[in-house]
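Chain by chain, the residues:
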Amino acid sequence: MPSVERRVAVASVVDGDTLRLVDGNAVRLIGVNTPEIGRDGRPDQPGAREAYRMLDRWVQGRMLGVVEGEEPRDRYGRLLAYLSLDGEVLSERLVREGMGYAIAIPPNLRLSDCLFEAEKLARMRRLGLWRDDPVRSAASVDSVGFALIAGELSKLDFTRKALYLEVDDHLVLRIDRDLIGDNAETWLRTLLHRRVEVRGWVVDRGRNLKPGRKRWLIVVSDLRHMKLIGE
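The rules we used
- Residues numbered from 1 in each chain as written.
- Predicted model: local features only at pLDDT ≥ 70, side-chain atom pairs only at ≥ 80, totals over all residues.
- Heavy atoms only, no water.
- Helix = DSSP H or I, 4+ residues; strand = E, 2+ residues; numbered from the N terminus.
- Buried < 20%, exposed > 50% of the residue type's maximum accessible area, 1.4 Å probe, protein only.
- 1 Å grid on protein atoms, 1.4 Å probe; cavity = no way out; pocket = protein on both sides within 12 Å on 5 of 7 lines; lining within 4 Å.
- Points joined across faces, edges and corners; volume = space filled by probe spheres on them.
- Contact = heavy atoms within 4.5 Å.
- Salt bridge = Lys/Arg side-chain N within 4 Å of Asp/Glu carboxyl O.

Chemist: Before we go on, may I ask you to explain unusual backbone geometry in this structure?
Modeler: In this structure, Pro107 follows Pro106 across a cis peptide bond, with omega equal to 0 degrees. Turning to its location among the elements, Pro107 is positioned in the loop between β8 (101-102) and α3 (112-125). A positive phi angle is found at Asp168, which is not glycine, with a value near 55 degrees. Looking at the element boundaries, Asp168 is found in the loop between β11 (162-167) and β12 (171-176). A positive phi angle, close to 70 degrees, is found at His193, a residue other than glycine. In this fold, His193 is placed in the loop between α4 (182-189) and β13 (195-204). According to the relative accessible area criterion, His193 is exposed, its value standing at 53%.

Here it is as structure tokens:
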């Protein structure tokens with residue numbers, strides 16, 4: 001855990017990865033994404049209440065250490081930070097308990113390797129979200145939001161700015177070239193017609209696309225979000 005910058009008290013827990021501090025700041029925990037609590041008539045995603053209750057139980061009445069991310073705010077104005085309790089990073093604990101998925105969003109990558117290792121343990125032990133396989137078929141994607149999907153890479157298209165990989169002839173992955181080097185491009189070429197697992201936020205590009213273009217898109221923010229199935 002990096003050196004704590006200051007200590008804060010929690011006013012309330014919003015959901016499994018977001019808290020509100022007594023100073024009024026909302027904090028989005030770096031490195032973890034938990035299932036969404038239903039709002040505006042939508043149902044809770046599986047595991048959402050469990051993550052919320054676990055985080056609430058940990059933090060109420062406690063002082064937490066704060067380490068802000070290199071990018072300190074998100075587009076909603078929330079503080080992006082690692083919060084710690086008794087030297088333990090809450091993001092890593094949530095992932096280790098199977099309450100959320102490890103994510104890596106540049107430039108806030110300081111503890112990404114630790115978080116993905118924690119997820120491997122939770123997955124191996126079938127804890128929380130991993131009790132029932134949460135991986136969806138890429139061909140079944142029909143809505144926006146965070147998704148963990150698997151499918152066969154059916155097509156590759158490399159442009160000057162980005163790499164586009166089609167999965168199950170249904171969904172497109174975009175990987176910006178500044179994320180990869182020559183070795184990574186060579187690796188990606190070897191994945192054609194093989195099954196991969198990918199995580200990220202599905203974007204709807206609209207129904208009225210040019211012929212041959214896919215409606216659903218995931219922008220891969222970090223190569224840790226993608227792996228060959230069986231590795």
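Still more ground to cover, so stick around.
Chemist: So what exactly am I meant to see when it comes to the layout of surface pockets here?
Modeler: One simple way to see leftover space: roll a probe sized like a water molecule over the atoms. Of the voids in this model, the second largest pocket is the one considered here, and its volume is about 360 Å³. In terms of lining residues, the second largest pocket is bounded by 17 residues, among which Phe116, Glu119, Lys120, Arg224 and Lys227 are the most central. Of all elements in the fold, only α3, β13 and β15 (226-228) reach the threshold of two or more residues within the lining of the second largest pocket. With six residues, the top contributor of residues to the lining of the second largest pocket is α3.

Chemist: What is the right way to look at the environment of Tyr52 in this model?
Modeler: Along the chain, the position of Tyr52 falls in helix α1 (residues 48-59). Its relative accessible area of 24% is what places Tyr52 among the partly exposed residues. It is 22 Å that separates the C-alpha atoms of Tyr52 and Lys120, two residues lying 68 residues apart in sequence. If near-sequence neighbours (up to four positions away) are discounted, Tyr52 is found in contact with Val13, Val14, Asp15, Gly16 and Ile37.

Chemist: Help me out: how do you make sense of the pattern of salt bridges in this one?
Modeler: Note on pairing: side chains with opposite charge can pair once their charged atoms come close. According to the stated counting rule, one finds 16 salt bridges in the structure shown. The residue Arg62 makes a salt bridge to Asp86 at a minimum N-O spacing of 3.0 Å. Taken together, the residues span a long stretch of sequence, with Arg62 in the loop between α1 and β5 (63-73) and Asp86 in the loop between β6 (79-85) and β7 (88-89) at a distance of 24 residues. Linked by salt bridges that have partners in common, Glu119, Arg123, Glu197 and Arg199 make up one network.

Nothing here speaks to function; it is geometry throughout.
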